[in-house]
Amino acid sequence: MIVRQILQNIKHEFFQQKAIILLGARQVGKSTLLKTIFNNDDDVLWLDAENPDVHAIFENATATRLKTFFESNKFVVIDEAQKIDNIGSKLKLITDYLPEIQVIATGSSAFELRNKLNEPLTGRKFEHKLFPLSFREMKENIGLLEEKRMLPHRLVYGYYPEIVTTKNGAEKILRLLSDSYLYKDILLFNGIRKPEKMQELLKALAWQIGSEVNYNELGNLIGLKSETVEEYIHLLEQSFVIYKLNSFHSNQRKEIKKGKKIYFTDLGIRNAIINDFSTFETRNDKGNLFENFIINELIKQNEYQEKFEKMYFWRTHEQQEIDLIIEKNGRLKAIEIKWSPKAKSRLSQTFAKQNPNHIFEIINSENFFEYII
């Protein structure tokens, strides 16, 4: 069994009169994680909000009505909770009036669930993100040496649990996910008027990982207004398909202040979108894949270990660039990410002079594990 890092974080939050919210893309293992925590405990009521009879429980909800359904259980798990109307106020009823019950809500659509939770559950929730499996989780499962050997495979097929544990059919599974299932919530969202354009946008973004993106250029490429491109990218972020790094700036005129880079939460999904599962050794995008992988893993550790670090990239109009800037407590870590250990890299003197309180490091295919476990 692959133990998820976030497991103990969640268990430590039980019965503090707060709802626990677990967000993450479909198929990353949210339900499996919770079943591992509870281990078939009879005190858990499992509710799938995609079933109509579950909605009936929450219609005209009052504390008394909910107690009649839940009083024989210590835990109530609501899967895909964003499907329930006004779920935030209903979770508030449970946390306020039924403190003997720990409610856990999961969702794959942050743009739906967060909108329904934020105001009613202000100060009444713990929120977590679950990502595809991490290098560290796999290292604990199969050992550091073996997981290092698997790196070229992971850079092509990614870390979705079903992919990691399957022996055959990885490409088929990833194509099914990338075709519709992963972002079906987005395609059902009322704001998506041209779903075929969403597919085109994803493909354009997949070809540009590691590069700065321009919404106007993307819009011209696929035939959408830049405002619509921005809206679609926001929805893809909220469904955990992609995420963006903004550019770091310290109020210097020569720095790019509105730039952004787009990365994919899972590289298997990215490669499925461009229909390229060729072996890592033969690929032209090794550097881009490795950069995306490293940033993914740092983000996972930032979330799971609750480091509260902020991440950016840095570039000037003169094309001076740093792959990753990590900021915390006024200190900066400037990181260059290079697949080849032989690749040379120097820190921009412009950046060094503007930001004297910094550390400079280079991550490559030989030392990467020291930074992500």
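Residue numbers here run from 1 along each chain, matching the order of that chain's written sequence. Restriction of local features to residues with pLDDT of at least 70 applies here, the model being predicted, together with a cutoff of 80 or more for giving and counting side-chain atom pairs; totals for whole chains, interfaces and linings are based on all residues. Just so you know, side-chain values use all the structure's heavy atoms and leave hydrogens and water out.

A few words on the overall build of the chain. Numbering of helices and strands runs from the N terminus; a helix is a DSSP stretch of H or I covering at least four residues, while a strand is a stretch of E covering at least two. Scanning the chain for helices and strands turns up 19 helices and eleven strands. What you see for the chain is a C-alpha radius of gyration of 22 Å, in line with the 21 Å of a compact globule of 373 residues. Seen through its principal axes, the chain has C-alpha atoms that stretch 65 × 50 × 45 Å. Buried residues are those whose accessible area, probed at 1.4 Å on protein chains only, stays under 20% of the maximum for their type, while exposed residues exceed 50% and partly exposed ones sit between those limits. Across the 373 residues of the chain, 52% fall into the buried class. The contact criterion used is simple: two residues touch if any of their non-hydrogen atoms lie within 4.5 Å. Within the chain, contacts between residues separated by at least 24 positions form 72% of all contacts whose residues are at least 6 apart in sequence. Each accessible area is a Shrake-Rupley result for a 1.4 Å probe, and residues are judged covered by the shown protein chains and nothing else. When the accessible surface of the chain is split by element, carbon and sulfur atoms take 46% of a total near 17,700 Å². The sign given to each residue is positive for Lys and Arg and negative for Asp and Glu; His and the chain ends receive no count. One atom stands in for each charge, and that atom is NZ of Lys, CZ of Arg, CG of Asp or CD of Glu. Averaging the positions of the 53 positive and the 51 negative side-chain charges in the chain gives two centres separated by 4 Å. Only C-alpha atoms enter the radius of gyration; for comparison, a globular chain is expected to reach 2.2 Å times N to the power 0.38, where N is the number of residues.

Residues belong to one nonpolar core when they are buried, are Ala, Val, Leu, Ile, Met, Phe, Trp, Tyr or Cys, and are joined through side-chain atoms within 4.5 Å. Ranked by size, the top nonpolar core spans 111 residues in total, and within it Ile78, Leu91, Leu205, Phe293 and Phe368 carry the most contacts. Here this core gets eight residues from one element, more than from any other, and that element is helix H17 (residues 286-304). Those residues in contact with isoleucine 78 that lie beyond four places of it in its chain are Leu47, Ala49, Phe58, Ile84, Ile87, Leu91, Val103, Ile104, Ala105 and Thr106.

Side chains carrying opposite charge are able to pair once their charged atoms draw close together. The term salt bridge refers to a side-chain nitrogen of Lys or Arg lying within 4 Å of a carboxyl oxygen of Asp or Glu. Taken as a whole, this structure holds 19 salt bridges when the rule is applied. With its nearest N and O atoms 3.7 Å apart, the salt bridge here joins glutamate 146 to arginine 149. Here the residue glutamate 146 and the residue arginine 149 both occupy positions in helix H8 (residues 144-149), the gap between them amounting to three residues, near one helical turn. A network of salt bridges, in which partner residues are shared, links Arg270, Asp276, Arg283 and Asp285.

Two strands pair under a simple rule: DSSP has to find at least two bridges between them. With mixed pairing, six strands are arranged side by side in an open sheet as E7-E6-E8-E9-E10-E11. The open sheet has two edge strands with one neighbour each: strand E7 (260-264) and strand E11 (358-363). The average undirected angle you get between the axes of adjacent strands in this sheet is 35 degrees. In terms of strand pairing, strand E6 (residues 242-247) meets E7 through five bridges, oriented antiparallel. Within E7, the position partnered with leucine 245 by the bridge is lysine 261. Between the N-to-C directions of two axes lies an angle of 0 to 180 degrees, each axis being a line fitted to C-alpha atoms and, for a helix, fitted only over the stretch in contact.

For the rest of this paragraph, the subject is the packing of helix H7 (residues 135-142) against H17. As a packed pair, H7 and H17 sit with axes 9 Å apart at the nearest point and diverge in direction by 85 degrees. The angle between H7 and H17 places the two elements in the roughly perpendicular class. Contacts from Phe135, Arg136 and Glu137 in H7 reach Phe293, Glu297, Gln301 and Tyr304 in H17. In this count, Pro and Cys sit with the nonpolar residues alongside Ala, Val, Leu, Ile, Met, Phe, Trp and Tyr, while Asp, Glu, Lys and Arg are called charged and the others, Gly among them, polar. Residue classes in the contact of H7 with H17 are distributed as three nonpolar, one polar and three charged. Angle categories are assigned with fixed cut-offs, so that under 35 degrees is roughly parallel, over 145 is roughly antiparallel, 65 to 115 is roughly perpendicular, and the rest are oblique.

Another aspect to go through is the sheet that holds strand E5 (residues 125-129). Ordered in space as E2-E3-E4-E1-E5, the five strands form an open sheet in which the pairing is parallel. Of all strands in the sheet, those with a lone pairing partner are strand E2 (44-48) and E5, marking the two edges. Sheet twist, expressed as the mean angle between neighbouring strand axes with direction ignored, is 15 degrees. Direction of pairing for strand E3 (residues 75-79) relative to strand E4 (residues 102-107): parallel, over a ladder of four bridges. Its bridge partner lying in E4, phenylalanine 75 is registered against glutamine 102.

With that settled, consider unusual backbone geometry. Positive phi, close to 55 degrees, is recorded for phenylalanine 15, a residue that is not glycine. Residue placement: phenylalanine 15 occurs in the loop between helix H1 (7-11) and strand E1 (19-23). Phi is positive for glutamate 80, which is not a glycine, with a value near 55 degrees. Along the chain, the position of glutamate 80 falls in the loop between E3 and helix H5 (87-97).

Aromatic rings from Phe, Tyr and Trp, with only the six-membered ring used for Trp, were paired whenever their centres fell within 6.5 Å, and each pair was classed as stacked if the ring planes differed by under 30 degrees, edge-to-face if by over 60, and tilted otherwise. Scanning all chains against the criterion turns up 21 aromatic pairs. Here phenylalanine 15 and phenylalanine 75 contribute two aromatic rings whose centre-to-centre distance is 5.2 Å and whose plane-to-plane angle is 55 degrees, an arrangement assigned as tilted. Of this pair, phenylalanine 15 sits in the loop between H1 and E1 while phenylalanine 75 sits in strand E3, and the two are 60 residues apart along the sequence. Residue class for phenylalanine 15 comes out partly exposed when judged on its relative accessible area of 37%. Ring geometry for phenylalanine 368 versus phenylalanine 369: centroids 6.0 Å apart, planes at 90 degrees, classification edge-to-face. The two residues phenylalanine 368 and phenylalanine 369 agree in class, both being buried. These aromatic residues form a ring-pair network of at least three members: Phe135, Tyr159, Phe280, Phe290, Phe293, Trp339, Phe368 and Phe369. Consider the ring centre and the ring normal. A charge sits over the ring if Lys NZ or Arg CZ is within 6 Å of that centre and within 35 degrees of that normal. The positively charged end of lysine 18 is found above the aromatic ring belonging to phenylalanine 126, 5.8 Å away from the centroid.

Our next topic: the side chain of asparagine 296. Relative to the elements of secondary structure, asparagine 296 occurs in helix H17. Given a relative accessible area of 6%, asparagine 296 falls into the buried group. Two N or O atoms count as a polar contact when they lie within 3.5 Å, although within protein this holds only if one can serve as hydrogen donor and the other as acceptor, and sequence-adjacent residues are included solely when both atoms are side-chain atoms. Engagement of the side chain of asparagine 296 in a polar contact is seen with the side chain of tyrosine 243, the distance being 2.6 Å.

For H17, with 19 residues, the first-to-last C-alpha span of 27 Å sits near the 27 Å given by 1.5 Å per residue. By the criterion of burial, H17 is predominantly enclosed, with 15 of the 19 residues buried. Within two residues after H17, glutamate 306 carries a phi angle of roughly 50 degrees, on the positive side. To estimate how far a helix should reach, multiply one less than its number of residues by 1.5 Å.

Everything listed is a geometric property; what it means functionally is a separate question.
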